[in-house]
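The lines below spell out each chain.
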Amino acid sequence: MVKDLLIIGSGPTGLYAWKFANNLSLSGTIIEANYEVGGQANLAYPEKTIHNLPGISEIKAKDFVRNMLDDANNDNSKIELKTNTSVVEVIKVKTPDDFKFHFLVKFSDHCQATYKSILVCEGLGQYQSIRLVDDDWENIHYVVKNKEDFNNKKVVIFGGGDSAIDWAKNLSPNANVTLIHRREEFRGPIDSIKDDVEILTPFEFKEIRKTDGKKVKSIVVANNGLEKEVKFDECLVQFGAVIKPHPLKGLNLDRNDLNKIIVDLEMSTSVPGVFAAGDAVIYPTKKRNLIFGFQEAVTALSKIEMMINHKKIANKGW
Ligand SMILES: Cc1cc2nc3c(=O)[nH]c(=O)nc-3n(C[C@H](O)[C@H](O)[C@H](O)COP(=O)(O)OP(=O)(O)OC[C@H]3O[C@@H](n4cnc5c(N)ncnc54)[C@H](O)[C@@H]3O)c2cc1C
């Protein structure tokens, strides 16, 4: 069976597109390359307070993402969410109707399905924190999901930039914080925390020493042959992030030098039936924020609804 819509990416733009597509009774799939939804808002700044949303004076990014997911993922939705999934290949299939193509999409989970339209909400790509170790441990964190989880704990923070210093400052009133950096110099205002935080420089992570179940109890840091065992309850790694692109093989969308998808004012891409919205796109008046992404998703979906239902005007605005 041919489904109406594939949404690629479940950042804020993809989540809102999902909700609006539900209102239009569209069927399909939303995929997310990461293990969880929310894009930058969830992985880059979950604890930040957002102030620029209409009708909401302030809300934490992680709460906003959770609300958006709850809104979209309801029992009446005909759209299925697949996390940890990306596109392996898109094959264009010619059709006799208004659409020039349907799209047979092969996914990384070895499933495949055919769609009448695609909405690309890939944002900046898959946002991945730079890791301390390859394995997952319960008490080695790359993002602070709940500040309170660090209260009254022995906390080790790795990093020398603004975010490492910010978190050292933020957590130190309620936790015993040690900041570890591989250089003497920091790339942020270290003087502001010197009295409240133990600072270990220039020390680099060498290895995990003791573990207990899924938790690390101590690590070894090293400096020119000098080694030191550091015990902790929680470890926060702030080495920054890398963006992993996921090329959409088979689609060949027109993009600019920065890999942004070029769209017109209906959010149509260079491939008929494929639309894009959010941080992924570029057009003359584009701004990269939440509201622009939502508006672009609505614009694209209005056009998609008109195409699928053979309408001349989009007449339902909510
Ligand atoms: C530190 C920071 C603070 C910010 N603060 C604000 C603010 O206060 N207010 C505001 O309006 N904006 C803010 N922004 C900007 C806002 O977060 C972005 O505009 C918004 O996240 C864009 O949403 P998006 O869904 O288009 O892209 P993203 O958030 O980048 O999400 C894209 C999603 O698609 C997934 N993906 C990518 N490629 C694929 C693929 N091929 N297959 C499957 N999944 C894929 C990614 O894993 C990701 O989850 C901030 C940004 C940052 C970095």
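Where an unreviewed UniProt entry is consulted, the chain appears under the name Ferredoxin--NADP reductase, with the organism given as Spiroplasma alleghenense. Quoted verbatim from the Subunit (unreviewed entry) field of the UniProt record, the comment on the chain reads "Homodimer." UniProt lists a comment for the chain under the heading Catalytic activity (unreviewed entry), and it reads "2 reduced [2Fe-2S]-[ferredoxin] + NADP(+) + H(+) = 2 oxidized [2Fe-2S]-[ferredoxin] + NADPH".

Visitor: Looking at this model, I keep getting lost on the site of the ligand. Mind explaining?
Guide: Close contacts around the ligand come from 31 residues, with T13, E32, Q40, Y45 and K48 the closest. Protein chains bury 87% of the 1000 Å² of accessible surface belonging to the ligand in isolation. Looking at the shell around the ligand residue by residue, the classes come out as 10 nonpolar, 16 polar and 5 charged.

Visitor: Looking at this model, I keep getting lost on helix α4 (residues 162-171). Mind explaining?
Guide: Since one α-helical turn is 3.6 residues long, residues separated by three or four positions face the same way. For α4, the full list of buried residues reads A164, I165, W167, A168 and L171. The buried side chains of α4 occupy one side of the element, clustering within an arc of 165 degrees when seen end-on. The inward-facing, buried residues of α4 abut β11 (154-158), β12 (176-180) and β17 (234-237).

Visitor: Where do I start with the sheet that holds β17 in this structure?
Guide: Strands belonging to one sheet form pairs held by backbone hydrogen bonds; the direction of such a pair is parallel or antiparallel. The strand order β10-β17-β11-β12-β13 describes an open sheet built from 5 strands, whose pairing is parallel. Each edge of the open sheet carries a strand with a single partner, namely β10 (140-141) and β13 (198-200). As paired elements, β11 and β17 share 4 bridges and run parallel to each other. Along β17, the bridge assignment pairs V155 with E234.

Visitor: Is there a simple way to think about the pattern of salt bridges in this case?
Guide: Here the idea is simple: oppositely charged side chains can pair when their charged atoms come close. What the rule picks out here adds up to 19 salt bridges. E305 is the partner of K311 in a salt bridge, and the nearest nitrogen-oxygen pair spans 3.0 Å. What makes K311 partly exposed here is its relative accessible area of 30%. Under the relative-accessibility criterion, E305 is labelled buried at 6%. One network of salt bridges, in which partners are shared, links E207, R209, K210 and E229.

Quick notes on the rules
- Residues numbered from 1 in each chain as written.
- Predicted model: local features only at pLDDT ≥ 70, side-chain atom pairs only at ≥ 80, totals over all residues.
- Heavy atoms only, no water.
- UniProt positions renumbered as here; feature names shortened; annotations may be inferred.
- Near = heavy atom within 4 Å.
- Areas by Shrake-Rupley, 256 points an atom, 1.4 Å probe, with all protein chains shown as cover.
- Nonpolar A, V, L, I, M, F, W, Y, C, P; charged D, E, K, R; others polar.
- Buried < 20%, exposed > 50% of the residue type's maximum accessible area, 1.4 Å probe, protein only.
- Helix = DSSP H or I, 4+ residues; strand = E, 2+ residues; numbered from the N terminus.
- Arc of directions from axis to C-beta.
- Contact = heavy atoms within 4.5 Å.
- Pairing = 2+ DSSP bridges.
- Salt bridge = Lys/Arg side-chain N within 4 Å of Asp/Glu carboxyl O.

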